[in-house]
Each structure stands twice: as C-alpha cells, then as structure tokens.
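If you want the building blocks of each chain, they are given just below.
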Amino acid sequence: MLENVQYLIRPEKEEEKTRLKAEQEKLAALQMKLKEHKVPVLVLFEGWGSAGKGTLIGEVIHNIDPRFFKVATFTTRTEEEKRYPFLHRYFATIPEAGKFRFLDSGWMDEVTKGVIEKELDEAEYKKRIESIRRFERSLTDNGYVVLKFFLHISEKEQKKRLDGLEESKDTKWRVGKFDRYQNKHYDECAAVYEKYFEDTITPTAPWYIIDAKSRKWAELQILETMNQAIETALQNASLSVPIPQNSFPLAKCEKLADISLKDKSLTEEEYREKLQSLQAELKELHNRLYKKRIPVIIAYEGWDAAGKGGNIKRITESLDPRGFEVHPIASPEPHEKARHFLWRFWTRLPKTGHIAIFDRTWYGRVMVERLEGFCSENDWKRAYNEINEFEKELHDGGAVIIKFWVQIDKDTQLERFTERQNTPEKQWKITDEDWRNREKWDQYEEAVNEMIAKTNTVYAPWHILESVDKKYARIKALQIVVEELKKVL
C-alpha cells in the first residue's frame, strides 16, 4: 500500500482553502446528527514519527464541540497495563454513543513496534491480528464508525523534520530513539507496516493512507474521509448486520429440563467437613495463582433465588481480600448503556494473579435484554459469537474462565420467593421484577438452553450447579474451582 498508494491530486491553494472550510463546517454540523442518532466515532491516527499526528488531531477537533470528544495517547505499556489482556486499554477508551474518541497511536503502533523490536514472534503476531480484526468488526457491527488513518511521509521528509525538531531545545524532546530507528531502517519498517495493512484492512474498517507532506492538504483528506464515513453511517444506522457463523469449538450439553435435581444433597456434617477442606485448599491455590500471575474469572448466572449469593460467599471466604473482587451486575448505567455491551465487563477484568467474580454477567444480552426487548433481535443473535470471541480473548491471554449456571426447579423458586416475602429481614431480596420474570419461566428456560448450547466452548465451558440443596451446590462449585485451578497450575 505504501509503495503503490495512489494519492488524490492536491488542488490549487484557493480550491484547497475553499474545500477545507466547507469540510470543517460540514463536520461541525454532522456532530449534532451523530448525537441525535447516537452514533459513536473512533478515529485512530497512526503514521511515521514526526508525520504530524498530534498537530492534525488538534486541527480536526477545532471543528467539534469539546463536550463531544476526547483524545487519548497510547505509549509503551506500563507494568500495570501489561497485567491485563492486550485489548483491555483500547476497549476501555471506546467512546459513548454520539461522541468522538481520537487516538494518537494505538494497537497498530503497539503490534508493529513489537515486530520491529523482535518482541513478538510470528505466532504471537497472528494472535494479535486475529484479536484486532475481531475487535474492529465487533465495534462496527455494534454501530461504531471506525476510521484508521496512516500519515505517510517519505524517508527524506521524515529525516528533514526530525533534524528540524532536534535543532531547537524546545522541540528536541519530541524526537525519540524509535523515531530515529524508523528513519534509519525506513524500508524495513515500511515492510512491517505493509504487512499489517494487508492483515487488517476490511470493508468495514479500511485503512486510509494520508499524504502528510502538507498539513493543510492532510487535514483536507482526513476531513473529507471522516465526513463521508459519518454520512454513510447515519444513512445505514437502522440496518442490521450479518450474523457471523460460530467458528469456536463447542462441547455437547444437556438441556435444563434433562438435568436431575434429585439426590443432590448433603448432610450438615458432610457439608461442614467438605467446606473446611475445600476452602483451605482454595486458599493455598490463590497464593500460587498470585505468584504465577494467572488471572481468574468466575461467572455466575442462574434463576432468581437459586443461591448465587451464598455460593459466592463460600468461595470468597477462603480468598485473600486483596486479590479478588466481586462484581454484582445490575441494569447498565447510562454511560455503560451508551457503549458496546461488553465495555462494562472489559473494564472490570482482573489483572494477572487476581480473581474477578461476576454475579450476573455479559450473558444478560441473550437473556433479559433479549426477552425484555432491551436490544434488537439482530443484537442478541450476534451476541453469541461476540461473547465467544470475548471469552477466547481472555483465554488466549492466560485467564481461567469458570462459568456456573445455578439450577433449581420452579417449585423451589416459589418456596424461596414466598419465604423472602414473609420474612422481614429478607424482603429486600424480593422485587416485583422477580415475580414478573417468574411468569416468563418457560421463555427464560428456552433462552438459557440456547445460550448454553451456543456458548459452551471447550475453553470456557458451562458448569451446572444443582441448587435445590444450596449446600450441595456450594460444595460442587468449590470442587470445580479447585479442580480448574489445579489444572492450570
């Protein structure tokens, strides 16, 4: 692309000035339409060192209300950032609906620099590319406009700019070692960028190579591309997108109705004995997890009043409180609802050596959001694949993923609802929504069966906890957690 790129013909100065003013005004008008239609825009600026990324971002944002945009700059990962999955810091910065997010370098810079500096081998490079393609596609499928600009200058022009910056003590600091390395090994770096473009160019998130020799001309190219992309997105905002075919290995699973709940109980003596033994074992495993920097994600779903809270409590009792966090997931807050549905889970992931326990999860997309009409049919049907991709990303990053469905029958739920209703200190646990959801038991059961069948991957399988006897379910959960942690350790 860099060698054979066919630039647009630069207009004469007067025409350039006229067109630039028109595009600036158009962007100023389009920002209101973006807000009205709740379309988020993510703009990634990549390019050669000293190509002018910061300057051009500054020129573009002059045309946007400062309440509608944010700018993020990504540098080499800190030691803390390295303890999270590769995409964590990028997913965390995606914009809210109706707003812009401009990135001064991002995932391209990180990956290509890793290749150039020999920190990424071929296998790891391919893994990162798969992650990036899924990330960008998932964003565009969920209504994001993703614009990727690469600011291109020649080897000679880059050297001229670097030399100019170094001549002044006020700008010398802007020239880094990698900028000089880039220029000295220009062809080598260009070959890495070429391969990256080929591997990540897609119809929904293409690359735009910008002739950055002239600032005004570069700004015009960027604005014309941005405005055209935004106008197209606004026209297509109501259209559904194709639902990808599942490409992840699935394990067979039973339907909920076929799972026996009989003879799944423990005496108080058996329970106390096993609880003490398993909690002691889990405590030791948690110490080893921390030393080996292995992240763990434990996800709980299940029927209302099935006993998720008590189950979680028995696991956390044996953990070092500095090394775990429980996330109770309720309806999304406005700032969460305004982003990709997985954003609020990406931002709650554990760092290496820590455990995150989710009381309700990302599976709300294919259960409550599906059945209560909080998202479109296309949204929830697409979500199965997006969830499998999300969990694969976590798994590939070294995380242990343990997913529990806490199962009871309809009669047991009624007994527990009634007890909560009639016990003053437990009444806070029962709501009108619980009773309404109970009326849709059969619909929820159908949705759960489909959910488990389509997301029971070999790298993140479901475990059913028979919880008519809560003690039995608690011990089974502890046994599974201990067993899974032993495997990875």
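Just above, that's the structure.
Residues numbered from 1 in each chain as written. Predicted model: local features only at pLDDT ≥ 70, side-chain atom pairs only at ≥ 80, totals over all residues. Heavy atoms only, no water.

Visitor: Looking at this structure, how should I read the environment of Q479?
Guide: Here Q479 shows up in helix α19 (residues 470-488). Q479 sits 18 residues away from P461 along the chain, and the two C-alpha atoms are 15 Å apart. (Helix = DSSP H or I, 4+ residues; strand = E, 2+ residues; numbered from the N terminus.)

Visitor: It is not clear to me how helix α6 (residues 155-167) should be interpreted in this structure. Could you clarify?
Guide: Along an α-helix, residues three or four positions apart point the same way, because every turn accommodates 3.6 residues. Its 13 residues give α6 an end-to-end C-alpha distance of 19 Å, which sits within 8% of 18 Å, the value for a rise of 1.5 Å per residue. On its buried face, α6 sits against α7 (177-184) and α8 (186-200). (Expected span 1.5 Å × (residues − 1). Contact = heavy atoms within 4.5 Å.)

Visitor: Can you help me understand the packing of helix α5 (residues 122-141) against helix α15 (residues 377-396) in this one?
Guide: The packing of two helices is summarised by the inter-axis angle and the distance between the axes. At a minimum axis separation of 11 Å, α5 and α15 run at an interaxial angle of 150 degrees. In terms of orientation, α5 and α15 fall into the roughly antiparallel class. Both α5 and α15 take part in a crossing whose hand is left-handed. The segment α5 lies against α15, with K127, S131, R134, R137, S138 and D141 engaging R382, N385, E386, E389, K392, E393 and D396. Classifying every residue of the contact of α5 with α15 gives no nonpolar, 3 polar and 10 charged. (Axes fitted to C-alpha atoms, helices over the stretch in contact; angles between N-to-C directions. Parallel < 35°, antiparallel > 145°, perpendicular 65-115°, else oblique. Left-handed = near helix turned anticlockwise from the far one by under 90°. Nonpolar A, V, L, I, M, F, W, Y, C, P; charged D, E, K, R; others polar.)

Visitor: Explanation requested: the environment of I357 in the structure shown.
Guide: In this structure, I357 sits in strand β8 (residues 355-359). Along the primary structure I357 and K213 are separated by 144 residues, whereas in three dimensions their C-alpha atoms are 51 Å apart. Ignoring sequence-local partners within four residues, the contact set of I357 consists of I298, Y300, I312, I315, T316, L319, E325, V326 and H327.

Visitor: Looking at this structure, how should I read the packing of aromatic side chains?
Guide: By the definition in use, this model includes 31 aromatic pairs. For the pair W107 and F135, a centre-to-centre distance of 5.2 Å together with 80 degrees between the ring planes defines the contact as edge-to-face. Linking W107 in helix α4 (residues 107-116) with F135 in helix α5, this pair joins segments that are 28 residues apart in sequence. Here W107 and F135 have matching classes, each one buried. Considering the side-chain rings of F178 and Y181, the 6.2 Å spacing of their centres and the 15 degrees angle between planes classify their relative orientation as stacked. In this pair, F178 and Y181 both sit in helix α7, 3 residues apart, roughly one turn of the helix. Note on Y181: relative accessible area 30%, which makes it partly exposed. Positioned above the aromatic ring of F86, the side-chain terminus of R128 is 4.4 Å from the ring centre. (Phe/Tyr/Trp six-rings, centres within 6.5 Å; stacked < 30°, edge-to-face > 60°. Buried < 20%, exposed > 50% of the residue type's maximum accessible area, 1.4 Å probe, protein only. Lys NZ or Arg CZ within 6 Å of the ring centre and 35° of its normal.)

Visitor: Where do I start with the sheet that holds β8 in this structure?
Guide: Sheet strands pair via backbone hydrogen bonds, and the direction of the pair is either parallel or antiparallel. Taken in spatial order, the 5 strands of this open sheet run β7-β8-β6-β9-β10, and their pairing is parallel. Only two strands of the sheet have a single neighbouring strand rather than two, namely β7 (324-328) and β10 (462-466). Each neighbouring strand pair of the sheet contributes to a mean axis angle of 20 degrees, computed without reference to strand direction. Looking at chain direction, β7 and β8 are connected through 5 bridges and run parallel. (Pairing = 2+ DSSP bridges.)

Visitor: Can you walk me through the pattern of salt bridges in this structure?
Guide: Once their charged atoms are close, side chains differing in charge can pair, the charge on each being opposite to the other. Counting across every chain of the model gives 48 salt bridges. Two residues, E389 and R137, come together in a salt bridge whose shortest N-O distance is 2.8 Å. Linking E389 in helix α15 with R137 in helix α5, this pair joins segments that are 252 residues apart in sequence. The class of E389 is buried, set by a relative accessible area of 9%. Close ionic contact of D163 with K159 constitutes a salt bridge, the shortest N to O distance being 2.9 Å. Placement of both D163 and K159 in helix α6 is noted, with a separation of 4 residues, approximately one turn of the helix. Looking at K159, the relative accessible area reads 42%, which means it is partly exposed. (Salt bridge = Lys/Arg side-chain N within 4 Å of Asp/Glu carboxyl O.)

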